[in-house]
Amino acid sequence: MAAATGTVSKLFSSSSSSSSFPFSVPFPLSPKKTSLSLLSSHNPPISFLSSLSFPKLTPLKSSANTTQHFEEEEVEEEEEEDIVSETEIDEYESEIDIEDLEKEAKFAVKELSTSLSRQLTIDDTDEKRESRKQKRKKATSKDIPDHLLPKVAIVGRPNVGKSALFNRLVGENRAIVVDEPGVTRDRLYGRSFWGEHEFMVVDTGGVVTVSKSQANVMEDLAISTTIGMDGIPLASREAAVARMPSMIEKQATAAVEESSVIIFLVDGQAGLTAADVEIADWLRRNYSNKCIILAVNKCESPRKGIMQASEFWSLGFSPLPISAISGTGTGELLDLVCSRLGKVEGPENLNEEETYIPAIAIVGRPNVGKSSILNALVGEDRTIVSPISGTTRDAIDTEFVGPDGQKFLLIDTAGIRRRAAVASSGSVTEALSVNRAFRGIRRSDVVALVIEAMACITEQDYRIAERIEKEGKGCLIVVNKWDTIPNKNQQTATYYEQDVREKLRLLHWAPIVYSTAIAGHNVEKVIVAASTVEKERSRRLGTSILNQVVREALAFKPPPRTRGGKRGRVYYCTQAAIRPPTFVFFVNDSNLFPETYRRYMEKQLRSDAGFSGTPIRLLWRSRRKMEKDEVKGATRPQVNLTPGSGKLAVAT
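Below you will find a few notes about this structure. In this text, all values refer to a predicted model and were calculated from it rather than measured experimentally.

Reading guide: rules and limits
- Residues numbered from 1 in each chain as written.
- Predicted model: local features only at pLDDT ≥ 70, side-chain atom pairs only at ≥ 80, totals over all residues.
- Heavy atoms only, no water.
- Helix = DSSP H or I, 4+ residues; strand = E, 2+ residues; numbered from the N terminus.
- Buried < 20%, exposed > 50% of the residue type's maximum accessible area, 1.4 Å probe, protein only.
- Contact = heavy atoms within 4.5 Å.
- Areas by Shrake-Rupley, 256 points an atom, 1.4 Å probe, with all protein chains shown as cover.
- Axes fitted to C-alpha atoms, helices over the stretch in contact; angles between N-to-C directions.
- Parallel < 35°, antiparallel > 145°, perpendicular 65-115°, else oblique.
- Left-handed = near helix turned anticlockwise from the far one by under 90°.
- Nonpolar A, V, L, I, M, F, W, Y, C, P; charged D, E, K, R; others polar.
- Salt bridge = Lys/Arg side-chain N within 4 Å of Asp/Glu carboxyl O.
- Pairing = 2+ DSSP bridges.
- Core = buried A, V, L, I, M, F, W, Y, C linked by side-chain atoms within 4.5 Å.
- Expected span 1.5 Å × (residues − 1).
- Phe/Tyr/Trp six-rings, centres within 6.5 Å; stacked < 30°, edge-to-face > 60°.
- Polar contact = N/O pair within 3.5 Å; in protein donor to acceptor, adjacent residues only side chain to side chain.

1. Topic: the overall build of the protein
Part 1: In terms of helices and strands, the protein carries 20 helices and 17 strands.
Part 2: Of all 652 residues assigned to the protein, the portion counted as buried reaches 50%.
Part 3: The contacts of the protein with a sequence gap of at least 6 include a subset with a gap of at least 24, amounting to 74%.
Part 4: Here the protein has roughly 31200 Å² of accessible surface; of this, 51% comes from carbon and sulfur atoms.

2. Here's the deal with the packing of helix H18 (residues 543-556) against helix H19 (residues 595-609)
Part 1: Running from N to C, H18 and H19 cross one another at 125 degrees; their axes reach a closest spacing of 10 Å. Comparing their axes, H19 and H18 come out oblique. For the pair H18 and H19, the crossing hand works out as right-handed. Contacts from Leu546, Val549, Val550, Ala553, Leu554 and Phe556 of H18 reach H19 at Tyr597, Tyr600, Met601, Gln604, Leu605 and Asp608.
Part 2: When grouped by side-chain class, the residues that make up the contact of H18 with H19 number 10 nonpolar, 1 polar and 1 charged.

3. What about the pattern of salt bridges?
Part 1: Evaluation of the coordinates by the stated rule reveals 25 salt bridges.
Part 2: A salt bridge links Arg463 to Glu466; the nearest nitrogen and oxygen atoms lie 3.3 Å apart. Of the two residues, Arg463 and Glu466 both sit in helix H15 (residues 459-471), 3 residues apart, roughly one turn of that helix.
Part 3: One salt bridge in this structure joins Lys470 and Glu469, with 3.9 Å as the shortest N-O distance.
Part 4: Residue Lys470 is classed as buried on the basis of its relative accessible area of 9%.
Part 5: Put simply, Glu172, Arg174, Asp397 and Arg443 are held in one network by salt bridges that share partners.

4. What about the sheet that holds strand S6 (residues 261-267)?
Part 1: One open sheet holds the 6 strands; their spatial order is S4-S5-S3-S6-S7-S8, and the pairing between them is mixed. What marks the edges here is a single partner per strand, and that holds for strand S4 (188-194) and strand S8 (319-321). The average undirected angle you get between the axes of adjacent strands in this sheet is 30 degrees.
Part 2: Relative to S6, strand S3 (residues 151-155) is paired through 4 bridges, and the arrangement is parallel. Residue Ala153 lies in a different strand from S6, and its bridge partner there is Ile262.
Part 3: Each of S3, S6 and strand S7 (291-297) is contacted by helix H8 (residues 274-286), which is oriented at about 170 degrees to S6, the strand it contacts most.

5. As for the nonpolar core
Part 1: The biggest cluster of nonpolar side chains holds 32 residues, and the ones touching the most others in it are Val363, Leu449, Ile477, Val479, Tyr496, Val500 and Leu507.
Part 2: When contributions to this core are tallied by element, the ones reaching two or more residues are strand S9 (359-364), helix H14 (428-442), strand S12 (446-452), H15, strand S13 (474-480), helix H16 (492-503) and strand S14 (512-514).
Part 3: Take this core: its biggest share by element is 4 residues, from H14.
Part 4: Excluding residues that lie within four positions of it along the chain, Val479 makes contacts with Ile451, Ala453, Tyr496, Ile512, Val513, Tyr514 and Ser515.
Part 5: Counting residues in each nonpolar core, the second largest holds 26 residues, with Ala295, Ala324, Val337 and Ile396 among its members.

6. A short note on helix H12 (residues 370-378)
Part 1: A large share of H12 lies buried, amounting to 7 of its 9 residues.
Part 2: Within H12 the residues assigned to the buried category are Lys370, Ser371, Ser372, Ile373, Leu374, Asn375 and Leu377.
Part 3: On its buried face, H12 sits against S9, strand S10 (396-401), strand S11 (407-412), S12, S13 and helix H17 (524-537).
Part 4: At the C-terminal side of H12, Gly379 shows a positive phi close to 75 degrees.

7. Regarding the environment of Trp482
Part 1: Topologically, Trp482 is positioned in the loop between S13 and H16.
Part 2: In contact with Trp482, not counting residues within four places along its chain, are Ala453, Lys488, Thr492, Ala493, Tyr496, Tyr514, Ser515 and Thr516.

8. Description of the sheet that holds strand S15 (residues 570-577)
Part 1: Taken in spatial order, the 3 strands make up an open sheet running S15-S16-S17, and their pairing is mixed. Each of the sheet's edge strands pairs with one partner strand only, and the pair in question is S15 and strand S17 (617-622). Taken pair by pair, the neighbouring strands of this sheet meet at an average axis angle of 25 degrees, ignoring direction.
Part 2: Pairing geometry for S15 and strand S16 (residues 582-587), over 6 bridges, is antiparallel. Residue pairing in the sheet places Cys573 in a bridge with Phe585 of S16.
Part 3: Against the sheet, H18 contacts S15 and S16, and its axis sits at roughly 135 degrees relative to S15.

9. Focus on H18
The α-helix winds at 3.6 residues per turn, so residues separated by three or four positions along the chain end up facing the same way.
Part 1: In a regular helix each residue adds 1.5 Å, so 14 residues correspond to 20 Å; H18 covers 20 Å between its end C-alpha atoms and thus fits that length.
Part 2: Buried residues dominate H18, accounting for 11 of its 14 residues.
Part 3: Those residues of H18 not exposed but buried are Ile545, Leu546, Asn547, Gln548, Val549, Val550, Arg551, Glu552, Ala553, Leu554 and Ala555.

10. What to know about the packing of aromatic side chains
Aromatic rings in a pair are described by how distant their centres are and how their planes are angled relative to each other.
Part 1: According to the stated counting rule, one finds 10 aromatic pairs in the structure shown.
Part 2: Measuring from centroid to centroid gives 4.5 Å for Trp482 and Tyr514, while their planes differ by 50 degrees, and the two rings are tilted. Here Tyr514 lies in strand S14 and Trp482 lies in the loop between S13 and H16, a separation of 32 residues in the sequence.
Part 3: Among the residues examined, Tyr514 registers a relative accessible area of 16% and is labelled buried.
Part 4: Arranged with centres 4.4 Å apart and planes meeting at 15 degrees, the rings of Phe585 and Trp620 form a pair that is stacked. You can see Phe585 sitting in strand S16 and its partner Trp620 sitting in strand S17, a full 35 residues away along the chain.
Part 5: Note on Phe585: relative accessible area 0%, which makes it buried.

11. A closer look at the side chain of Arg537
Part 1: Relative to the assigned elements, Arg537 resides in helix H17.
Part 2: At 3.1 Å, the side chain of Arg537 and the backbone oxygen of Gly472 are in polar contact.
Part 3: Non-local contacts of Arg537, meaning those with residues more than four positions away in its chain, are made with Asp445, Gly472, Lys473, Gly474, Ile578, Arg579, Pro580, Pro581 and Thr614.

Given below as C-alpha cells:
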C-alpha cells in the first residue's frame, strides 16, 4: 500500500519475509530520522515524505491467511484515515477560508487573555481611577527615552509625604504610601508631564540626621531586626541597622546630584523641625547651583496653608503650600518646576520596534540576592543591599544596556513570602510590597527567578514559578550565591540542575544560570540568557513549517481512540500570537484530545521548533462547533479555551 503524501504507513509486510512472518511487520517512525532538524534551515522541504516508498502488501496463499490479511488491511485503512493527509487539509482549506480561521484564532487568543486576567487578579484599588490619567498621558507622550528627560528629585525627612507627592505627579500608584516612616528606601523613577513639558520624577527615602542615636533611627525608619533575620547573628543585625541611614542618604544624594530641580518637602502640620533645618543647610551648602523649591505639604485648606507655610520662611526659601493627597497647590508647583526646565525634543521617526524595551523582573523569596544582582548588572549601588529582610519595598525600575547594545528595563522587586506569613506579620507595607512584586511580573517580558544555592527549593518557590507560567512570561532560573556550595566538582551543577528540574516541574523549559552576585561572577550570563529567552518568546513560526511539524507528530503518534472508536483529527494549525507563543489547532472535536496528548504535542513543538525559556499555549478549536455556529448564524463563534498547559487556576 502506497503511503499518502506527508503521512507514513503504519503497517506493511514484505513479500520476501512472508514465509517467515505470516503477519504485518510494524514500522515505527523515529523522529530522529525525519526532517524535523531541517526547521533551522531557511528553506526546509515541506513534503519530504513523498520521496519515501514502501513495498506493497502481497496476499497470502492460504484462505485463512488471506482472510487475516484482509482484516489487517481494513484496520490499516482505518488507521490511515485517522491521520490527516495534505490532500485532506487542502480540501478543508477549500471549504473554510484561511483568513476566517486566522481571525477566529486571534479572537480565541483575546478571549483566553481576558479569562486569565480575571483569574490572575492583583489588588489595585487605584487602577480604575487612574486609567483616564494614563490614557491622557499616553496621548500626550512624545516617546522620549527616559535618560534624555530632565529629572526632578523629591527630598525631605521621613514621613512628610514624598511618595504621595510622587504618585500625584506621575499620575499612578507607583510608590507605596503608608502612614509610617521609612517606607521608601531606594530611588524610584516615574515619568510626569505638565503642558508641553515632560520630565522624570525621582522619589527618595527620608534623610535622617546622623546625630540621632541608633534606637531613634530604628524608630524613624521602622526597621525590624527579627522578621526574616533568624539565621543572622545579633552583631550583624546591629551593623546592618547602623548602615541603613547612610545607605538611604546615599541614594537620596545620588538623586539630587542627577536632577535639575529639587523639591524640598516639609510637613506643614508638624511644623518646622531641627531635621528640616539641617537638610536646608545641606542643600544650600552643596547644591546652591540647582533650583530648590520648598513645598509645604499637608496644607489641605488654602487659608490655613498660608499660615502653616509662614514659619518655613526661616529656611531661606520661598515656601509653597500644597497637599499631595487632595492636589491643592500642585498645579502651581508644576508651573514653577516647568519654568526651570527646558524643552526636550525627542528623536524623530521612532517606530514601535525601536521604542520597545524588554523588561526583566528579578523576583524570588527574601534575602536571595535580587538587589545584589541588579547592582552587579548596572555596575553601581542602584538599590540598597542589606541582610535586613524586606529592605526593598517598591519595584525599582532601571534602564540597562547589554553588551550587544540591546536596551533592557530591569525591575527589582521585594521578596515574596507566603501569603499566610505576610498576613500573620500584620505588616501593611509588606503586603503592598508583595503586591508590587506581582505587578512587576505582570508588566515584565522575562522573569529572573532567583533562588539561593544553599537553601532548599520551597513550596513558595513553586508558587512563584506557577504565577510566572500562568502570566505567560519568559523565565530563567538564577541560582545565586553559588560560591557557598562546598566541594564543587564537574558533576555538581548536573546534580543540582536535576534537583531543580524535579522540584520546579512547571519551568522545565527555563534555562538555569549559576552566579555569585556579590563577587560579580557570571552575572552577565543573566542578561545573555534573558536576551535569548526574549527572542524565543517573540519568535513567530511560519504556518507551513508549523503544519509540517504537526503532521509529523501526528504520524509518529496519532491521537488515541475513544471507547466508541472515535479519534481526533487535526485539520489546520496556526500561530495566532507571540509573547507568549500561542498556537490554535482546528480539529474535528477538541474533546478527543486528552491532556496527555496535548502535552505530547507541546513537547514536540519544543523539541522540533525551539521556544526555550518561554511558555507556549495551545488552544483547540472544534470543527463541529464551528459548523453549528454557522448553521445558527452566530455573529461570533464561541471558541474552546482549553490551553495545552492544563488548568487555568492559579495559587499565589
